[in-house]
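Structural features, examined
Residue strings, one per chain:
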Amino acid sequence: MIGLSAITFVQPWLLLPLVLLPLLWWLLRATPPAPKRLSFPAIRLLMGLKPLEETPQRTPWWLLLLRLLIAALIITAFARPLINATTQLSSDNPLLVVVDDGWSAANGWRQRQAALDLRLAEAERAGLPVRLLLTAPGQAGEAPTVSDTLSASEARARVAGLQPKPWPLDRAAAADALAGLSGQAQQVIWASDGLQGDAVGAQALGRALANLGRVTQLRPAPGALPRLIRPPSDTARGIAVAVERPAAAEAAPLTLRALRDDGREVGRTTLAFEPDALEASAQLELPLALRNAIARLVLLEERSAAATLLLDGRARRLAVGLVEEAAAEPAAQPLLTELHYVEQALAPFSVITRGSLESLLEQPLSVLVIPDRGALSGQQQAQLDGFMQEGGLVLRFAGPRLAASPDNLTPVPLRTGDRRLGGVMSWEEPSAIAPFTDGPFAGLAVPDEVTVDRQVLAEPSPELAERTWARLADGTPLVTAANRGEGLLVLVHTTAGPTWSNLALSGLFVDLLRRVVETAKGLSPLIGDRRLPPISSLDAYGRLQPPDAAVLDLTAATVAEAAVGPRHPPGYYGTAEARQAFNLETAVPSLATLPAITGVTPAPYSTQAALDLKPWLLTAAFILLLIDFLIALGLRGLLLRPAATAGALLGAALLIAALPQGALADDGLAMEATRDTRLAFVETGNDEVDAISRVGLQGLATLLNRRTAVEAGAPIGVDLERDELAFFPLLYWPITPDQPNLSQEAADRVNAFLASGGAIFFDLRDPGGGGPASSATAALRRLTEGLEIPPLAPVPPEHVLTKTFYLMQDFPGRYDGGTLWIDTTGTVANDGVARVLIGANDYAAAWALDRNGRPHFATVPGGERQREMAFRFGINLVLYSLTGNYKADQVHVPFILERLGQ
């Protein structure tokens with residue numbers, strides 16, 4: 001392949017016949033032989049007569065130029081000229097494509113796939129073999145490896161099915177994987193994410209690639225560089241959120257949205273970057289109830305795991321009530337009051353309200369703190385018990401008044417009086433606090449200087465040990481707790497002020513109260529070897545989905561090492577009642593951009609397709625040949641009606657202009673669809689979803705060819721607005737929220753398809769099963785407006801679809817649990833086959849296999865057994881649409897009963 005400015009020739013050697021144009025000129029100008037003269041006197045009789053035909057001595061020069069132009073156009077067309085070819089790939093060395101497919105590539109991923117597809121298309125034209133190297137660890141944690149040699153068309157299909165991963169790259173391991181290519185000259189295209197990440201790994205990969213040959217590094221535009229949300233901080237009226245950007249990224253304002261668990265928006269704010277600032281922050285002012293309802297923060301302008309921050313109970317600010325008694329709490333001397341120390345410790349992470357017990361119980365509070373006071377009345381105990389039964393937490397502190405008159409509202413029975421551990425009348429020294437080995441306080445460091453002088457002792461009882469959260473060095477309880485209904489009762493066996501201990505003057509006091517409040521939020525501390533199982537994971541686009549089967553439990557060591565990766569992707573861990581968020585930001589210390597690397601040439605991600613001039617040049621040559629033919633007829637006097645000639649020329653030109661856009665395109669689709677049995681899917685306009693549909697149906701076609709008599713070809717994507725649907729018995733239609741509504745013409749085409757015997761399988765692709773209130777169901781309602789959808793019902797147990805090829809009652813896909821709805825009003829026009837089926841389990845993703853038969857996506861929760869059942873359902877579905885309801889005939893009943901063991 002050679003290039004001339006913006007024009008590139010795929011087969012330049014075919015231009016050699018151009019040197020023969022002078023010879024062609026000479027041949028066309030050749031003079032015919034002179035007539036032979038014979039002496040004949042009677043010739044004088046013919047003198048004065050005009051001949052009916054005259055033959056010119058030479059061909060006119062303008063006709064010569066026309067014919068030479070036709071020859072030049074044909075020669076140039078077969079040399080395959082291209083305009084704006086993205087790169088000039090030589091045909092000498094193979095092509096190595098390196099793709100950064102970590103979290104940072106999600107923003108603008110489709111544009112990157114399109115740019116790579118253009119370059120692989122050039123490799124396909126040049127006949128180059130291709131190898132792929134992905135720099136992010138695989139789904140199962142495997143290190144990056146260089147693929148086997150692929151054809152360019154196979155590489156294009158594999159790149160079209162790639163998806164970014166929600167964890168960082170491992171460029172150092174990718175550089176090690178290139179050791180096997182040492183000494184082999186390569187042409188390298190590095191589809192980078194534009195970020196440095198691990199500086200050592202980036203430099204190692206760059207050097208390893210430069211040693212292989214010429215390296216073109218594709219770098220994203222400033223607008224496609226990712227931004228990162230940092231954890232929020234509390235403010236008096238809400239939260240403050242900071243967003244970080246790379247130095248080369250655009251400083252355009254960003255919109256931050258706060259969302260609930262169900263996706264509803266709680267609030268939003270705008271963040272504006274200063275011209276040279278790499279961080280922008282804004283406050284989101286919300287009432288406490290709305291502020292605590294926030295489950296995640298997302299950037300409206302970006303779709304990535306870094307632009308999504310998950311929040312758990314630790315980010316909530318609970319309403320805490322401090323029970324005060326005006327007569328016993330002199331406000332003029334706050335340092336002498338117990339509530340002063342409690343308030344100072346709780347204020348950073350709670351909303352504090354002071355008041356009497358009765359007034360506080362009328363407010364929506366989560367925690368009630370009661371300092372030392374005398375015995376509570378029976379009515380007060382009943383009110384507090386009701387508060388705890390509904391999930392509230394009561395924190396009490398002991399002191400001289402509770403020691404003098406204990407009541408029943410304590411986790412364990414108390415002894416009357418208190419124990420003195422220091423002073424002139426005591427032989428004992430103040431006691432230190434024993435290390436926290438288990439319970440909610442486990443892991444907290446105990447300062448040596450913290451001691452307790454007096455305490456209220458608990459009566460020995462069988463349940464005392466299990467209700468003790470903290471002990472003194474001598475083993476006596478310091479903090480005890482007991483469940484009361486849905487809530488909790490906690491007692492600190494010393495005062496909240498410095499009168500009985502110096503605990504209130506230490507940082508340990510703040511940590512203890514924080515742990516108590518976290519317990520009220522439903523959180524359990526992640527300590528030691530405690531493991532939290534995965535609940536849901538973030539994908540690279542910032543969407544929550546069921547965790548992969550390879551995801552492991554979260555541990556304290558994982559959090560400490562910020563080990564975000566295939567085994568611990570970002571997401572929620574724990575239980576539905578007490579979950580912990582594990583975010584990507586823990587593994588991203590900075591967003592430094594990728595520096596220049598010696599031997600690596602940077603280039604932008606260009607998605608401008610090369611224009612192939614061959615069809616245009618051949619069309620122009622054909623038109624000129626037609627003109628030449630008409631001129632020849634005119635010179636011979638065979639064109640007697642100039643008006644008719646002009647009309648013929650105009651009609652031929654219009655026909656030629658119309659063919660590429662109309663008939664030729666339709667004929668091409670008809671030939672592809674009718675040459676083999678083809679599975680078809682509706683193109684949604686979302687490149688990611690369309691790629692999954694294509695790869696998924698290809699995987700299903702492979703299984704059909706292997707297990708049944710069906711010989712299915714490659715799947716075809718159809719555009720409902722322009723393509724004919726009659727060639728396909730079944731259409732797979734994935735639903736996406738951003739699909740445009742159908743035009744009236746397209747709706748009529750779909751209705752005609754259904755009326756003539758076609759069937760459509762709608763896939764909501766919803767992990768939640770596609771309930772009536774889901775966004776996928778809402779999108780389905782919008783897209784099917786104007787379509788004649790018959791009444792639907794869940795698939796009956798005896799329906800033909802359950803026994804067409806395999807006997808089955810469940811219809812899983814990538815997900816399981818969604819109901820399969822079907823049209824049970826089959827008509828004669830389609831042999832009783834349902835015209836409409838609706839599922840929600842993302843079937844194409846379950847069917848998607850690579851060229852080695854390995855799945856692209858995990859099936860949850862059933863693993864490979866669930867994938868097998870998904871393939872069986874797909875085979876049943878295709879055979880059902882092809883063969884009708886013949887399995888409903890009574891002749892099949894004995895064989896089916898035998899299979900069922902009946």
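Rules used in this analysis
Residues numbered from 1 in each chain as written. Predicted model: local features only at pLDDT ≥ 70, side-chain atom pairs only at ≥ 80, totals over all residues. Heavy atoms only, no water. Helix = DSSP H or I, 4+ residues; strand = E, 2+ residues; numbered from the N terminus. Buried < 20%, exposed > 50% of the residue type's maximum accessible area, 1.4 Å probe, protein only. Contact = heavy atoms within 4.5 Å. Phe/Tyr/Trp six-rings, centres within 6.5 Å; stacked < 30°, edge-to-face > 60°. Lys NZ or Arg CZ within 6 Å of the ring centre and 35° of its normal. Polar contact = N/O pair within 3.5 Å; in protein donor to acceptor, adjacent residues only side chain to side chain. Core = buried A, V, L, I, M, F, W, Y, C linked by side-chain atoms within 4.5 Å. Expected span 1.5 Å × (residues − 1). Pairing = 2+ DSSP bridges. Axes fitted to C-alpha atoms, helices over the stretch in contact; angles between N-to-C directions. pLDDT = per-residue confidence, 0-100. Parallel < 35°, antiparallel > 145°, perpendicular 65-115°, else oblique. Nonpolar A, V, L, I, M, F, W, Y, C, P; charged D, E, K, R; others polar. Patch = residues over 30% accessible without salt bridge, like charges linked within 9 Å, V, L, I, M, F, W, Y side chains within 5 Å. Areas by Shrake-Rupley, 256 points an atom, 1.4 Å probe, with all protein chains shown as cover. Salt bridge = Lys/Arg side-chain N within 4 Å of Asp/Glu carboxyl O. 1 Å grid on protein atoms, 1.4 Å probe; cavity = no way out; pocket = protein on both sides within 12 Å on 5 of 7 lines; lining within 4 Å. Points joined across faces, edges and corners; volume = space filled by probe spheres on them.

1. What about the overall build of the protein chain?
If you tally the helices and strands in the protein chain, you get 22 helices and 39 strands. Expressed as a percentage of its 902 residues, the buried residues of the protein chain come to 47%. Within the protein chain, contacts between residues separated by at least 24 positions form 74% of all contacts whose residues are at least 6 apart in sequence.

2. Description of the packing of aromatic side chains
Enumeration according to the criterion identifies 14 aromatic pairs in this entry. Look at Phe436 and Phe441: their rings are 5.7 Å apart centre to centre, the planes differ by 65°, and that puts the pair in the edge-to-face class. Exposure class is identical for Phe436 and Phe441. Each is buried. Here Tyr732 and Phe761 contribute two aromatic rings whose centre-to-centre distance is 6.0 Å and whose plane-to-plane angle is 55°, an arrangement assigned as tilted. With Tyr732 in strand S35 (residues 730-734) and Phe761 in strand S36 (residues 759-763), this residue pair connects regions lying 29 residues apart in the sequence. Per residue, the accessibility class of Tyr732 equals that of Phe761, and both read buried. A cation sits over an aromatic face here: Arg245 above Phe273, 5.1 Å from the ring centre.

3. A few points about the side chain of Asn876
Along the polypeptide, Asn876 turns up in helix H21 (residues 863-883). From its side chain, Asn876 meets the backbone nitrogen of Tyr806 in a polar contact 2.8 Å long. Those residues in contact with Asn876 that lie beyond four places of it in its chain are Leu801, Thr802, Lys803, Thr804, Phe805, Tyr806 and Met808.

4. Considerations on the nonpolar core
Core analysis: the biggest nonpolar cluster contains 43 residues, and Leu700, Phe761, Leu801, Leu820, Trp847 and Phe873 have the highest contact counts within it. Elements with a contribution of two residues or more to this core: helix H17 (687-707), S35, S36, helix H20 (843-847) and H21. Ranked by size, the runner-up nonpolar core spans 39 residues in total, among them Leu339, Val342, Val452 and Val516.

5. So, helix H18 (residues 744-755)
Its 12 residues give H18 an end-to-end C-alpha distance of 16 Å, which sits within 8% of 16 Å, the value for a rise of 1.5 Å per residue. Of all the residues in H18, the buried ones are Ala746, Ala747, Arg749, Val750, Asn751, Phe753 and Leu754. Looking at the buried positions of H18, the neighbouring elements they touch are S35, S36 and strand S39 (836-839).

6. Thoughts on the sheet that holds strand S24 (residues 468-471)
Taken in spatial order, the seven strands make up an open sheet running S17-S16-S18-S19-S26-S25-S24, and their pairing is mixed. Edge positions in the open sheet fall to strand S17 (350-355) and S24, since each of these has one partner strand only. When the angles between neighbouring strand axes are averaged without regard to direction, this sheet yields 15°. Pairing between strand S16 (residues 318-323) and S17: six bridges, direction parallel. When the sheet's bridge partners are listed, Val320 is paired in S17 with Ile352.

7. Section: the environment of Glu274
Along the chain, Glu274 falls in the loop between strand S12 (265-271) and strand S13 (279-285). Look at Glu274 and you get exposed, because its relative accessible area is 54%. Those residues in contact with Glu274 that sit more than four places away from it in its chain are Arg245 and Ala251.

8. Comments concerning the confidence of the model for the protein chain
Put simply, the protein chain has an average pLDDT of 82, and 82% of its residues get 70 or more. The secondary-structure element of the protein chain with the lowest mean pLDDT is strand S1 (residues 2-4), recorded at 50, while strand S19 (residues 393-397) shows the highest, at 95.

9. With respect to the sheet that holds strand S4 (residues 95-99)
As summarised here, the arrangement of the five strands in space is S5-S4-S6-S7-S31, forming an open sheet in which the pairing is parallel. Edge strands, defined here as strands with exactly one partner in the open sheet, are strand S5 (130-134) and strand S31 (600-604). Within this sheet the neighbouring strands show an average axis-to-axis angle of 20°, counted without direction. In this structure, S4 lies alongside strand S6 (residues 186-191), joined through five bridges in parallel fashion. Bridge assignment links Val99 to a residue of S6, and that residue is Ala191. Packed on one face of the sheet, helix H3 (residues 109-126) meets S4, S5, S6, strand S7 (213-219) and S31 and runs near 175° to S4. Those strands touched by helix H6 (residues 199-210) are S4, S6, S7 and S31, and its axis lies near 150° from that of S6.

10. Comments concerning unusual backbone geometry
In this chain, Val860 is followed by Pro861 through a cis amide linkage whose omega measures 0°. You will see that Arg765, though not glycine, has its phi angle at about 55°, which is positive. Assignment of secondary structure puts Arg765 in the loop between S36 and helix H19 (775-783). Positive phi, close to 55°, is recorded for Asp842, a residue that is not glycine. In this fold, Asp842 is placed in the loop between S39 and H20.

11. Considering the environment of Pro796
Within the secondary structure, Pro796 is located in the loop between strand S37 (792-794) and strand S38 (821-823). Owing to a relative accessible area of 31%, Pro796 belongs among the partly exposed residues under this scheme. Leaving out residues up to four positions away in the same chain, Pro796 has contacts with Thr802, Ile822 and Thr824.

12. Thoughts on the packing of H3 against helix H4 (residues 152-160)
Orientation of H3 relative to H4, taken along the N-to-C sense of each, is 170°, at an axis distance of 9 Å. When the axes of H3 and H4 are compared, the pair comes out roughly antiparallel. Between H3, through Gln113, Leu116, Asp117, Leu120, Ala121, Ala123 and Glu124, and H4, the contact on the second element is made entirely by Ala152, Ser153, Ala155, Arg156, Val159 and Ala160. Tallied by class, the residues present in the contact of H3 with H4 amount to eight nonpolar, two polar and three charged.

13. A closer look at a nonpolar patch on the surface
Taken together, Trp61, Trp62 and Leu65 make up a surface patch of nonpolar side chains, about 370 Å² in accessible area. By the secondary structure assignment, Leu65 is in helix H2 (residues 61-78).

14. Structural notes on the pattern of salt bridges
Applying the stated criterion to the full structure yields 31 salt bridges. For Asp823, the salt bridge goes to Arg835, with nearest N and O atoms at 3.5 Å. Highlighted residues: Asp823 in strand S38 and Arg835 in the loop between S38 and S39, separated in sequence by 12 residues. According to the relative accessible area criterion, Asp823 is buried, its value standing at 2%.

15. Let's talk about the pairing of strand S29 (residues 571-574)
One ladder, built from three bridges, connects strand S27 (residues 534-538) with S29; its direction is antiparallel. Of the residues in S29, the one forming a bridge with Pro534 is Tyr573. Inspection of the sheet shows S29 paired to strand S30 (residues 579-582) by four bridges, in the antiparallel sense. Its bridge partner lying in S30, Tyr572 is registered against Ala581. Count of turn residues in the S29/S30 antiparallel hairpin: four residues.

16. Section: the side chain of Arg814
Structurally, the position occupied by Arg814 is in the loop between S37 and S38. In this structure Arg814 comes out as buried when scored by relative accessible area, which is 13%. Within the local environment of Arg814, its side chain forms a polar contact with the side chain of Gln545, the two groups lying 3.5 Å apart. If we ignore the near neighbours within four places in the chain, the residues touching Arg814 are Gln545, Asn841, Asp842, Ala845, Ala846, Phe857, Ala858, Thr859, Val860 and Gln866.

17. Observations concerning H3
For H3, with 18 residues, the first-to-last C-alpha span of 26 Å sits near the 26 Å given by 1.5 Å per residue. Along H3, the residues classified as buried are Trp109, Arg112, Gln113, Ala115, Leu116, Leu118, Arg119, Leu120, Ala121, Glu122 and Ala123. Buried residues in H3 make contact with S4, S5, H4, S6, S7 and S31.

18. Structural notes on the layout of surface pockets
Taken as a whole, the second largest pocket spans an internal volume of roughly 910 Å³. Contributions of two or more residues to the lining of the second largest pocket are made by H3, H4, H17 and H21. Residue contributions to the lining of the second largest pocket peak at 11 residues, all from H17. Considering only residue class, the lining of the second largest pocket consists of 12 nonpolar, eight polar and 15 charged.

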